[in-house]
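What follows is each chain in one-letter form.
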Amino acid sequence: MAGSMNPMELPAGQMHALESAYATPPRAYHDFSHVAEVLRHYDAVASGPGWVQPLEVRLAVLYHDAVYEPGRKDNETRSAAFAVEEIGRWLPDAGVDRARVAELIELTARHGQFRPGDFGKTAVADDTRHFLDCDMAILGAEPPMFDAYDRAIAAEYRGHVPGWLFRINRRRFLKSLLARPRIYLSEFFHDRFDAQARSNLRRAVTSKR
């Protein structure tokens, strides 16, 4: 069944191109290990509330940070275009809704700006909420893992953005998340991670960095 496709079942050439993309440029956080972590949450959803479009969402997870250059505003758009091109090249007969894959990837550019009701009440909307929450699950990780993530983001921006400007913008983003009535868009992630995410965010915005 297509929806249960393991990422390692991608054609070898497609997988090689994907892993090469995540290695360029070298990254401290947005590398293929991040994809593996998001896939772990994808699997948790698959075992829980489930996916309506499991293949499209899985491909969106695989490609969502394929193009990543710190400080650029078009990473998500470029990642979406790369996904559409690669899926068309390697999986032309798999029946993939490539526009849906691209849509999901492009939504990640607006993390922290959505409310749970923004996507409607359909089952497809549930996929959207769960997908975005999978990518944000790191906020609710155990403190050592969250701290490693926070340091890795800073490392990625080093040399691209002045340190003082990064710290201002990063704190502003984290404070904006903390101020929201809902960090997670789905009940599944809200119930599991909200309390820990708020604890991590409070610590991050009040500690000297």
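Described in the following lines is the structure provided in the data block. (Residues numbered from 1 in each chain as written. Predicted model: local features only at pLDDT ≥ 70, side-chain atom pairs only at ≥ 80, totals over all residues. Heavy atoms only, no water.)

### Quick notes on the nonpolar core
Grouped together as the largest cluster of nonpolar side chains are 55 residues, with contacts concentrated most on Leu59 and Leu139. When residues of this core are assigned to their parent elements, the largest contribution, seven residues, is made by helix H3 (residues 54–63). (Core = buried A, V, L, I, M, F, W, Y, C linked by side-chain atoms within 4.5 Å. Buried < 20%, exposed > 50% of the residue type's maximum accessible area, 1.4 Å probe, protein only. Helix = DSSP H or I, 4+ residues; strand = E, 2+ residues; numbered from the N terminus.)

### A word on the packing of H3 against helix H5 (residues 98–107)
The N-to-C vectors of H3 and H5 enclose an angle of 50°; their axes lie 9 Å apart at closest approach. In terms of orientation, H3 and H5 fall into the oblique class. Crossing angle aside, the handedness with which H3 passes H5 is right-handed. Contacts between H3 and H5 involve Glu56, Val57, Leu59, Ala60 and Tyr63 from the first element and Arg100, Val101, Leu104 and Ile105 from the second. (Axes fitted to C-alpha atoms, helices over the stretch in contact; angles between N-to-C directions. Parallel < 35°, antiparallel > 145°, perpendicular 65-115°, else oblique. Left-handed = near helix turned anticlockwise from the far one by under 90°. Contact = heavy atoms within 4.5 Å.)

### Quick word on the packing of aromatic side chains
Evaluated as defined, the whole model comprises eleven aromatic pairs. Judged by centre distance (5.1 Å) and plane angle (15°), the ring pair of tyrosine 42 and tryptophan 51 falls under stacked. When the centroid spacing of 5.7 Å and the interplanar angle of 65° are considered together, the rings of tyrosine 63 and phenylalanine 82 count as edge-to-face. Separated by 19 residues along the polypeptide, tyrosine 63 in helix H3 and phenylalanine 82 in helix H4 (residues 75–90) bring together distant segments of the chain. On the basis of relative accessibility, which here comes to 0%, the residue tyrosine 63 falls in the buried class. Members of the aromatic cluster, each reached through a chain of ring pairs, are Tyr184, Phe188, Phe189 and Phe193. (Phe/Tyr/Trp six-rings, centres within 6.5 Å; stacked < 30°, edge-to-face > 60°.)

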